[in-house]
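# What the coordinates show
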Amino acid sequence: VTGRSSGRLWCWLIERLVSTPHRDAMIGDLIEQSRRSRSGMWWARQAGAIILGSLAREIANHRGLVATALLVGCATAALAGNVTGFSPDVATVVAVWVVFRVYRPIRVSALFALVAFTSAMRLAAVSFVVMSVLGHFGGLEFLVGQGLRHFSMPVLLGSALLALTARQRPVDPSASPIAV
Amino acid sequence: LRQPVLQWRLDLINTIEEMAARDYLGNFELMILLAIMRIDNDAYGVPISDEIEATTGRAVVLGSVYAALDRLEERGLVTSRLGEPRAERGGRAPRHFRITAAGIREVRGTQRALTTLWRGLPQLKGGRA
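Below, the structure is looked at part by part. (Residues numbered from 1 in each chain as written. Chains lettered and ligands numbered in written order. Predicted model: local features only at pLDDT ≥ 70, side-chain atom pairs only at ≥ 80, totals over all residues. Heavy atoms only, no water.)

Here we take up the overall build of chain B. In terms of helices and strands, chain B carries 5 helices and 2 strands. Ordered by position in the sequence, the α and β elements of chain B form the string α-α-α-α-β-β-α. Here chain B, with 129 residues, has 37% of them falling under the buried criterion. Considering only contacts within chain B whose residues lie at least 6 apart along the sequence, 57% involve residues at least 24 apart. (Helix = DSSP H or I, 4+ residues; strand = E, 2+ residues; numbered from the N terminus. Buried < 20%, exposed > 50% of the residue type's maximum accessible area, 1.4 Å probe, protein only. Contact = heavy atoms within 4.5 Å.)

As a further point, take the overall build of chain A. Broken down by element type, chain A carries 9 helices and 0 strands. Helices (α) and strands (β) of chain A occur, in sequence order from the N terminus, as α-α-α-α-α-α-α-α-α. When the backbone C-alpha atoms are referred to their principal axes, chain A occupies close to 60 × 35 × 30 Å. Put simply, chain A has 180 residues, and 43% of those count as buried. A sequence separation of at least 24 residues applies to 77% of the contacts in chain A between residues at least 6 apart. Split by element, the accessible area of chain A, about 9100 Å² in all, is 68% carbon and sulfur. Here chain A contributes 17 positive and 8 negative side-chain charges, whose respective centroids are spaced 5 Å apart. (Areas by Shrake-Rupley, 256 points an atom, 1.4 Å probe, with all protein chains shown as cover. Lys, Arg positive; Asp, Glu negative; His and termini not counted. Charge placed at Lys NZ, Arg CZ, Asp CG, Glu CD.)

Residue and element names in this part refer to chain B. Given a rise of 1.5 Å per residue, 18 residues ought to cover 26 Å, and the 26 Å separating the end C-alpha atoms of helix H5 (residues 101–118) matches this to within 8%. Listing the buried residues of H5 in full gives Gly 103, Glu 106, Val 107, Gly 109, Thr 110, Ala 113 and Thr 116. Looking at the residues trailing H5, positive phi occurs at Gly 120, about 75 degrees. (Expected span 1.5 Å × (residues − 1).)

Take the interface of chain A and chain B next. Tallying the contact residues gives 19 residues for chain A and 23 residues for chain B. Summed over both sides, the interface of chain A with chain B buries roughly 1900 Å², with 51% coming from carbon and sulfur. Together, His 22, Asp 29 and Glu 32 of chain A form the three largest contributors to the area buried by chain A at its contact with chain B, with a combined 32%. Remark: the boundary between chain A and chain B carries 4 salt bridges. Between Glu 32 of chain A and Arg 89 of chain B there is a salt bridge, with its nearest N and O atoms 2.8 Å apart. For the pair chain A and chain B, the interface holds 14 residue pairs in polar contact (both at pLDDT 80 or more). Of all the elements, helix H2 (residues 23–34) of chain A adds the most residues to the side of chain A that touches chain B, at 10 residues. Residue composition of the side of chain A that touches chain B, grouped by class: 7 nonpolar, 4 polar and 8 charged. (Buried area = accessible area lost by both parts, 1.4 Å probe. Salt bridge = Lys/Arg side-chain N within 4 Å of Asp/Glu carboxyl O. Polar contact = N/O pair within 3.5 Å; in protein donor to acceptor, adjacent residues only side chain to side chain. Nonpolar A, V, L, I, M, F, W, Y, C, P; charged D, E, K, R; others polar.)

Moving on, we get to a nonpolar patch on the surface. Together, Phe 128, Val 129, Val 133 and Phe 137 of chain A line one region of the surface with nonpolar side chains, adding up to about 430 Å² of accessible area. Along the polypeptide, Val 133 of chain A turns up in helix H7 (residues 124–134). (Patch = residues over 30% accessible without salt bridge, like charges linked within 9 Å, V, L, I, M, F, W, Y side chains within 5 Å.)

Residue and element names in this part refer to chain B. With 4 of 5 residues buried, strand S2 (residues 95–99) lies mostly within the body of the structure. The pairing of strand S1 (residues 78–82) with S2 spans 5 bridges and is antiparallel. Within S2, the residue paired with Leu 82 across the bridge is Arg 95. (Pairing = 2+ DSSP bridges.)

When the terminal C-alpha atoms of helix H6 (residues 107–120) of chain A are compared, their 19 Å separation across 14 residues agrees well with the 20 Å that a helix rising 1.5 Å per residue should span. Among the 14 residues of H6 of chain A, 10 are classified as buried, and the element is accordingly described as predominantly covered.

Looking now at the packing of helix H4 (residues 63–83) of chain A against helix H5 (residues 88–102) of chain A. All names here are of chain A. The contact between H4 and H5 brings their axes to 8 Å, and the two run at 145 degrees. Between H4 and H5 lies a crossing whose hand is right-handed. Listed contacts from H5 to Ala 69, Val 72, Gly 73, Thr 76, Ala 77, Ala 80 and Gly 81 of H4 are Ala 91, Val 94, Ala 95, Val 98 and Val 99. The residue makeup of the contact of H4 with H5, split by class, is 9 nonpolar, 3 polar and no charged. (Axes fitted to C-alpha atoms, helices over the stretch in contact; angles between N-to-C directions. Left-handed = near helix turned anticlockwise from the far one by under 90°.)

In this section: the environment of Leu 161 of chain A. Counting through the fold element by element, Leu 161 of chain A comes out in helix H9 (residues 153–164). For the pair Leu 161 of chain A and Ser 119 of chain A, spaced 42 residues apart in the sequence, the C-alpha separation amounts to 15 Å.

Summed over all chains, the structure comprises 10 salt bridges over all chains. Put simply, Arg 36 of chain A and Asp 50 of chain B hold a salt bridge, and the shortest N to O gap is 2.7 Å. A residue pair is termed interchain when its members come from two chains, as with Arg 36 of chain A in the loop between H2 and helix H3 (40–61) and Asp 50 of chain B in helix H3 (residues 45–56). For Arg 36 of chain A, a relative accessible area of 40% gives the class partly exposed. By sharing partners, the salt bridges in this structure join Glu 15 and Arg 16 of chain A together with Arg 92 of chain B into a single network.

Our focus in this paragraph is the packing of aromatic side chains. All chains considered together, the criterion is met by 2 aromatic pairs over all chains. Measuring from ring centre to ring centre gives 5.5 Å for Trp 42 of chain A and Trp 43 of chain A, while their planes differ by 80 degrees; the resulting arrangement is edge-to-face. The two residues Trp 42 of chain A and Trp 43 of chain A agree in class, both being buried. Between Tyr 66 of chain B and Phe 97 of chain B, the aromatic rings sit 6.2 Å apart at their centres with planes inclined by 70 degrees, giving edge-to-face as the arrangement. Here the residue Tyr 66 of chain B occupies a position in helix H4 (residues 62–74), and Phe 97 of chain B occupies one in strand S2, the gap between them amounting to 31 residues. (Phe/Tyr/Trp six-rings, centres within 6.5 Å; stacked < 30°, edge-to-face > 60°.)

See the structure below:
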C-alpha cells in the first residue's frame, strides 16, 4: 500500500471515528505533512494515535454516559428478544440502532464499549465478576443477563461497523453529549 | 555562607509546595507553549510539531500535539482561530494557536520553579552527566 492511498484511507477513517472540534484541522495538517514523502507506516502511526486518543478521551470524558449506553443496549436487546419475540440477529440490530441514535454524538465510544463489553462477557471469569458486582444493584443483573442472551456477536460487529461508516460532524464542545 | 544556603532551601521547599498545590504544566505542554511563542503568528499543528522535532530531535505524533493543545485551550492558556482553507491541505483550514496572558504567566512560573530546582545541583555542573 503506498503512502498516498493509505493516506486517503486513514483520512476517511478519521472523518468517521473522530469527532473532536480540531478534527478537520488535524486531517489538513496530516495531508500537509504527508507531502514530504511520508510512508504508509507514518500514516498508520499518526492516524492511529489520533483515533485511539480521541476514543480514549471520549470514554474518559463521558464515563457515565458510556455506562448507560451499555445498559440501554442490553435493555433494548432484552425487550426485543423477550417481549417482542425477535430473533437474536434482529434484536442485536435493534439494540445497535437505538444506541447509535440516542448516543449519536458519542456513538464511536458507545458502540465500541458495547462491542467490547459483550465480547468480554463471553469470558466466564469476566462474566462472573461483572455479574457479582451487578448483583448488588437489584434488577441490573437480570437486565444485563437477559440482554446478553439476545446478542449475536457477528451481527453486533457487523452492524456496529456499518453504523460507524456514517461521517460525523466535529462536536461543539459546549453541546450536550446526548442526542435530543 | 549559611544564610544563602538556608534561603535557597526555603525557596526550594516553597517551590515544591507550590508545585503540589498547582496544576503544573507537563513537559510536553511546556514545549508546545514555547514552540507557539517562538513561531508567533503562524502557529498551527505542522509548524508546532516541526519546531518540537527540530529542537528535541524526536519524531512528534500530531495526535499528541492536538491533545495537549486541547488541554491548554480548556485551561485558557492558548486561544485558537480557524484560518483560510488551503489547496495543499486538501482544502482544509489550519487552526492557528496563540498563547494568552495566562499562558505566558504559566510559562514564567514554570521557568522560575525549574530554575530554582536546577540551581546549585552539583550533578549538572560542567555540562557532564
